[in-house]
Amino acid sequence: MARRPLPRILSSGTIRLARGREMARTAADSATDVLHPLITLTRGLRLLAVAARQKWAGTPKERRGPALFLVAACVLVVALMPYGPLLALVTVMALAAWKGRDRTARATGPDEAESRRLQSLYEALVPYFSVPEDPSPLFAHGGEWSAAFDAYEFDGEGRLTRLRVTYPPYFTDGDATARATVEQLLHAKSGRGREYHFAWNEEGNELVMSVLPALSTSIVAQRFVTVPGETLLGFTDDASVRRTVPVVAGEETLQEPPVVWRTGQRSTEPHLLVAGLPGAGSTSLLRGIALQALRHGDVLVVEGSGTGEFACFMGRPGVLGVESALGGALSALEWVARETERRLVAANRARQAGLALPDDVKRPLWVLFDRPSVFAHLAAAESMRDPQQLLTVPLRHGRAAGVTVVVADQIDALDWVEETVKAHTRARVVLGAVSAGVVESVLGAPPHTTPTPEVPPGRGYARLGAREVLRLQVPATPDPHDESAPAAHREAVLGLLPARGEESAERAEPEPDPGVAPGPGTGPGAAAGPEPEPEAADGSRPAVGQEPADEPEPSEERPEHEPAPEPAVEHAGRVPVLNRLLTEG
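Residues numbered from 1 in each chain as written. Predicted model: local features only at pLDDT ≥ 70, side-chain atom pairs only at ≥ 80, totals over all residues. Heavy atoms only, no water.

Draft legend 1. Representation of the side chain of Thr-231 in the model. Summarising the element assignment, Thr-231 is placed in strand β5 (residues 230-235). Not counting the four nearest positions on each side in its chain, Thr-231 is found in contact with Val-259, Val-260, Trp-261, Ile-289, Gln-292 and Trp-366. (Helix = DSSP H or I, 4+ residues; strand = E, 2+ residues; numbered from the N terminus. Contact = heavy atoms within 4.5 Å.)

Following this line, the structure appears as structure tokens:
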């Protein structure tokens, strides 16, 4: 059953409640600041009353009478004095303010354990931030760490969560190797198992190290708020992008920062390369891309692993085919090359005639190639053509023709990926627990964070063109036929898949009226049922099993070499079949 979207009232109500809580919290903080003197006086009066009550309770009964007489005499003297009541009131208010002041002891510096940790970190940085020629070194053995560490924060376990380091101007902060050495040292000394972000300020000679929070893994595949030409790859940190999209995570709606990949004629990185470790989520990312691409275009899937990870796309509207054999992959990609050339020719003719592009040229065509290294190995063993060689035309001219290529393979098999594919896939993603060197070799730039040894599925890094490297968490998009996946996740993917022909007919079929008997031509199989049997000239019908009378053949015969024309199929409601497209091509 398809997953029904949340009502608009419920989806927007959560955001309004969150805004209401934030406004109430801000108003309460402002009121606390304004009413702080009154709160202090009230607390002091209460403490004075409690002290007077305790004093009265501790007074012996034989002394309570003289005490009351003395208090009454004092009150009478104060009342008869000039400005006595006013002075008494001021004195009581002063005592209440002094008694009700906030005397909570606040820590003004690190404790002993934190000071030892900072001192050890300072001593470890001395060999990297000092030279013998410096007359007054900022880092020296036995020196004070307070001169080099401007700001620091610790968590409840006593581990550093943020540190700002001031280093001497002669440190070679422009050298990537020197910076990587310092980052590795700070990572090791501050605690492993967490992901740290390093921000270098070369102008101010400052380095800020901060611990990044873990990215959310509770987001499942869903209809994301994107426009045609945008594909959501996953989610990243709040400070990395300036955009958020609403997503449903469990039973709440969140605003998460997305990693959006833009394709089309205006894109500078029209093709994508995904590399990952086994089980890191590369195939899941391809499924998520296919679900988003089917909203506005056609998809052709070439699966090299042969494990049936894309079997759920078979026969869906917009899916041109799912090929998992070497012969089928060669035929499919050969058709893609010819289709790309046809689109280029049609677009050129339309521009020369001053017309708009045809609809079949503007409709995006996506080619998802999973594990091309398997086909490359099989092609070399059987002395056949590598299917990757057929991607040359779509990769070079795909942006102008509306063809997008996505290639995914394992990191240890990237040597089998053609250099042409690597050269034209400027948008790249690497998934899995990999080192910073592997990330740099795949993405072309090192990450600004320290990779952790253990990561959840779908966790990695992304780089779109020449931009900075971003942390990435891919939404969970499991195979709906995988019984080991959570049932809610599988239902979410099934709800996003386009309905097949019979499924859409069942969904669109109106419920029969119980008060009206079904007549001829009605019912579930009326639209797809057989034609009514022809009647004879005398009005009688042929008996069951009897062949109808032969109709006269047309006078004009069709030549043998001319194939029979196929019936026209509308683009919106068709179920594309790759064999028919190959025949027409």
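Alright, that's what it looks like, and here's the rest.
Draft legend 2. Representation of unusual backbone geometry. For Asn-205, which is not glycine, the phi torsion reads 55° and is therefore positive. You can see Asn-205 is positioned in the loop between β3 (196-201) and β4 (206-211). On the basis of relative accessibility, which here comes to 17%, the residue Asn-205 falls in the buried class. Phi at Ser-383 is positive, roughly 55°, even though this residue is not glycine. (Buried < 20%, exposed > 50% of the residue type's maximum accessible area, 1.4 Å probe, protein only.)

Draft legend 3. The arrangement of the packing of helix α8 (residues 326-352) against helix α11 (residues 392-401) in detail. As a packed pair, α8 and α11 sit with axes 9 Å apart at the nearest point and diverge in direction by 35°. Between α8 and α11 lies a crossing of left-handed hand. Residues Val-336, Ala-337, Thr-340, Glu-341, Arg-343 and Leu-344 of α8 touch α11, and the partners they reach there are Val-393, Pro-394, His-397, Ala-400 and Ala-401. Taken together, the residues of the contact of α8 with α11 break down into 7 nonpolar, 2 polar and 2 charged. (Axes fitted to C-alpha atoms, helices over the stretch in contact; angles between N-to-C directions. Left-handed = near helix turned anticlockwise from the far one by under 90°. Nonpolar A, V, L, I, M, F, W, Y, C, P; charged D, E, K, R; others polar.)

Draft legend 4. View of the confidence of the model for the chain. When pLDDT is averaged along the chain, the result is 82, and 81% of the positions lie at 70 or above. Counted against residues more than four places away or in other chains, residues 8-12, with its pLDDT under 50, gives 3 contacts. Note on residues 508-577: pLDDT under 50 across the span, and 28 contacts to partners over four residues away in sequence or across chains. (pLDDT = per-residue confidence, 0-100.)

Draft legend 5. A look at the packing of helix α5 (residues 112-125) against helix α6 (residues 176-190). Packing of α5 against α6 leaves a shortest axis separation of 11 Å and a crossing angle of 155°. Judged on the interaxial angle alone, α6 and α5 are roughly antiparallel. The chirality of how α5 crosses α6 is right-handed. Residue-level contacts link Arg-117, Leu-121, Ala-124 and Leu-125 of α5 to Val-182, Leu-185, Leu-186, Lys-189 and Ser-190 of α6. Residue classes in the contact of α5 with α6 are distributed as 6 nonpolar, 1 polar and 2 charged. (Parallel < 35°, antiparallel > 145°, perpendicular 65-115°, else oblique.)

Draft legend 6. Geometry of the packing of aromatic side chains. Scanning the model with the defined rule gives 14 aromatic pairs in all. Seen in terms of ring centroids, Tyr-122 and Phe-149 are 6.3 Å apart; in terms of plane orientation they differ by 80°. Their pairing is edge-to-face. Taken as a pair, Tyr-122 in helix α5 and Phe-149 in strand β1 (residues 149-154) lie far apart in primary sequence, 27 residues in all. The two residues Tyr-122 and Phe-149 agree in class, both being buried. Taken together, the aromatic side chains of Tyr-122, Phe-129, Phe-139, Phe-149, Tyr-167, Phe-171 and Trp-200 make up a single cluster linked through ring pairs. Its end group placed over the ring of Tyr-461, Arg-459 keeps NZ or CZ at 5.5 Å from the ring centre. (Phe/Tyr/Trp six-rings, centres within 6.5 Å; stacked < 30°, edge-to-face > 60°. Lys NZ or Arg CZ within 6 Å of the ring centre and 35° of its normal.)

Draft legend 7. Just α5, in detail. Between its first and last C-alpha, α5 extends 20 Å over 14 residues, near the 20 Å set by a 1.5 Å rise per residue. For α5, every residue scored as buried is listed here: Glu-114, Leu-118, Leu-121, Tyr-122, Ala-124 and Leu-125. Down the axis of α5, the buried side of the element spans an arc of 165°, and every buried residue falls inside it. Exposed side chains of α5 directed beyond 90 degrees from the buried face belong to Glu-112 and Arg-116. Looking at the buried side of α5, the elements it contacts are β1, β2 (160-166) and α6. (Expected span 1.5 Å × (residues − 1). Arc of directions from axis to C-beta.)

Draft legend 8. Main features of the nonpolar core. In this structure, Leu-233, Leu-272, Phe-313, Leu-368 and Val-429 are the most contacted members of the largest nonpolar core, which totals 36 residues. No other element matches helix α7 (residues 282-293), which puts 6 residues into this core. Beyond its immediate chain neighbours, meaning those up to four positions away, Val-429 contacts Leu-233, Leu-272, Leu-273, Val-274, Ala-275, Leu-285, Leu-443, Tyr-461, Ala-462 and Leu-472. Counting 35 residues, the second largest nonpolar core, distinct from the first, contains Ala-275, Ala-329, Ala-332 and Val-442. (Core = buried A, V, L, I, M, F, W, Y, C linked by side-chain atoms within 4.5 Å.)

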